[in-house]
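In case you want the letters, here they are:
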Amino acid sequence: MLERLSIVIPAGLGDTAWRGLLPQLEPVSIREIVLVRTELDDVLTASLPFNVREVRSEAGRARQLNAGATSSTGDWLWFLHADSRLTPKALSSLNRFVAQDSNSIGYFDLRFLGDGPALTAINTFGTWWRTRLFGLPFGDQGFVMPRRVFAMLGGFDESLPSAEDHAIVWTARRAGVQVQPVGAFIHTSARKYAQRGWWKTTRQHLMLTWK
C-alpha cells in the first residue's frame, strides 16, 4: 500500500538533517519523496536517490509543506520533518494505516534522539498524554492523511508564522475528521531543547497546547 504514498519533507534554510533520513527510506517501495527546500538555500544537494525529487519554494514550513503536496502525485501524503528518524515498526504500521483507506489523519508517537538534555524523557511522556487525552499531536509526529482529506482541509495555513500543525489539527476536528495514532514510534531531534533551553522550549509547547 505504500506505493500510494508521497512523502513530503520540508527543509529549512541551511538544514541538512534530511541527509540522515533519506537512507532510511531507500529500501521502501514508496511512490515518491519530495524534498522541499527554500528558494534562498544555496547548500548544494548531493546526488539524490531515484525516487527523491527536489522542489523549491518560499521559506516557511506551511508554504513548503503545501508546495510539496501540490507537486506530489500520490493519493496519500506523509509529512515528515527533516530530523525525523524511523523505527523498524514505523513503516509496517504505516502500511496498515494506509490500507484502511479511512478519512482520518494519522500520527506517530514520539521519542527523542540523544542530542538534547536528559529531561526530554519527560516530554516523551507528556507527548503521549497530550495526544491521547486531548487529541493534539504536533507536526514532528509525522502526519499522514489521504490527499482528499488534505484538500478538504485546505492544506496548511500559510498566513501563520508558526503552529501550522496545530491549526490543521483544529481544522480537522471542526470538520469531524478523526486524528488517531498509527501505532508506532518515530524519533525526532532534541537539539532545539539543547539550543533554546529545556524549560523555555517546554513552556512554549505547553502554551501552544493551552491556546
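Right above here is the structure, for reference.
For the structure given in this document, a descriptive report is provided here. The shown structure was predicted, so the numbers you read here are calculated from the model rather than taken from an experiment.

## Quick word on the overall build of the protein
(1) Moving on: The helix and strand tally for the protein stands at 8 helices and 8 strands.
(2) Moving on: The C-alpha extent of the protein, read off along each of the three principal axes, is 40 × 40 × 35 Å.
(3) Moving on: Looking at the protein residue by residue over its 211 residues, the buried ones come to 49%.
(4) Moving on: Across the protein, the centroid of the 24 positively charged side chains sits 7 Å from that of the 19 negatively charged ones.

## Thoughts on the pairing of strand S6 (residues 104-112)
(1) Moving on: With 8 of its 9 residues buried, S6 lies for the most part within the structure.
(2) Moving on: The pairing of S6 with strand S8 (residues 178-188) spans 8 bridges and is classified as parallel. Each bridged residue has a counterpart across the sheet, and for Gly106 the counterpart in S8 is Gln180.

## Describing the packing of aromatic side chains
(1) Moving on: Summed over all chains, the structure comprises 7 aromatic pairs.
(2) Moving on: For the ring pair Phe150 and Phe156, a centre distance of 5.9 Å and an interplane angle of 55° mean the geometry is tilted.
(3) Moving on: For Phe150, a relative accessible area of 9% gives the class buried.
(4) Moving on: Among the residues examined, Phe156 registers a relative accessible area of 5% and is labelled buried.
(5) Moving on: The ring of Phe185 carries Arg111 above its face, with NZ or CZ at 3.6 Å from the centroid.
(6) Moving on: Directly above the aromatic system of Trp170 lies the positively charged group of Arg173, at a separation of 4.5 Å from the ring centroid.

## Notes on the nonpolar core
(1) Moving on: Judged by nonpolar contacts, the single largest core of 33 residues is most densely connected at Leu5, Ile7, Ile9, Leu25, Trp78 and Leu94.
(2) Moving on: Those elements giving two or more residues to this core turn out to be strand S1 (5-11), helix H1 (18-25), strand S2 (32-38), strand S4 (76-79), helix H3 (88-100), S6 and S8.
(3) Moving on: At 5 residues, H3 tops the list of elements feeding residues into this core.
(4) Moving on: Setting aside residues no more than four positions away along its own chain, Ile9 makes contact with Trp18, Leu21, Leu22, Leu25, Ile33, Val34, Leu35, Val36, Leu80, His81 and Ala82.

## With respect to H1
(1) Moving on: Listed as buried for H1 are Trp18, Leu21, Leu22 and Leu25. Taken around the axis of H1, the buried residues stretch over an arc of 100°, which confines them to a single face.
(2) Moving on: Contact partners of the buried residues in H1: S1, S2, strand S3 (52-57), S4 and strand S5 (85-86).

## Description of helix H4 (residues 120-134)
(1) Moving on: Helix length check: H4 (15 residues) gives 20 Å between terminal C-alpha atoms against 21 Å at 1.5 Å per residue, within 8%.
(2) Moving on: Those residues of H4 not exposed but buried are Thr120, Asn123, Thr127, Arg130 and Thr131. On an axial view of H4, the arc spanned by its buried residues comes to 85°, and they lie on one face. More than 90 degrees from the buried face of H4, the exposed residues found are Ala121, Phe125 and Leu133.
(3) Moving on: Positive backbone phi, at 65°, marks Gly135, one or two positions downstream of H4.

## Focus: unusual backbone geometry
(1) Moving on: The backbone of Asp101 sits at a positive phi, close to 50°, despite the residue not being glycine.
(2) Moving on: Here Asp101 shows up in the loop between H3 and S6.
(3) Moving on: The phi angle at Ala163 is positive, at roughly 65°, despite the residue not being glycine.
(4) Moving on: Relative to the assigned elements, Ala163 resides in the loop between helix H5 (147-153) and helix H6 (164-174).
(5) Moving on: Taking relative accessible area as the criterion, Ala163 reaches 22% and is therefore assigned partly exposed.

## Observations concerning a nonpolar patch on the surface
(1) Moving on: Judged by side-chain polarity, Phe125, Trp128, Trp129, Leu133 and Phe134 come together as a nonpolar surface patch covering roughly 570 Å² of accessible area.
(2) Moving on: Along the chain, Trp128 turns up in helix H4.
(3) Moving on: Take Trp128: its relative accessible area is 35%, and that puts it in the partly exposed class.

Reading the values: rules and limits
Residues numbered from 1 in each chain as written. Predicted model: local features only at pLDDT ≥ 70, side-chain atom pairs only at ≥ 80, totals over all residues. Heavy atoms only, no water. Helix = DSSP H or I, 4+ residues; strand = E, 2+ residues; numbered from the N terminus. Buried < 20%, exposed > 50% of the residue type's maximum accessible area, 1.4 Å probe, protein only. Lys, Arg positive; Asp, Glu negative; His and termini not counted. Charge placed at Lys NZ, Arg CZ, Asp CG, Glu CD. Pairing = 2+ DSSP bridges. Phe/Tyr/Trp six-rings, centres within 6.5 Å; stacked < 30°, edge-to-face > 60°. Lys NZ or Arg CZ within 6 Å of the ring centre and 35° of its normal. Core = buried A, V, L, I, M, F, W, Y, C linked by side-chain atoms within 4.5 Å. Contact = heavy atoms within 4.5 Å. Arc of directions from axis to C-beta. Expected span 1.5 Å × (residues − 1). Patch = residues over 30% accessible without salt bridge, like charges linked within 9 Å, V, L, I, M, F, W, Y side chains within 5 Å. Areas by Shrake-Rupley, 256 points an atom, 1.4 Å probe, with all protein chains shown as cover. Salt bridge = Lys/Arg side-chain N within 4 Å of Asp/Glu carboxyl O.

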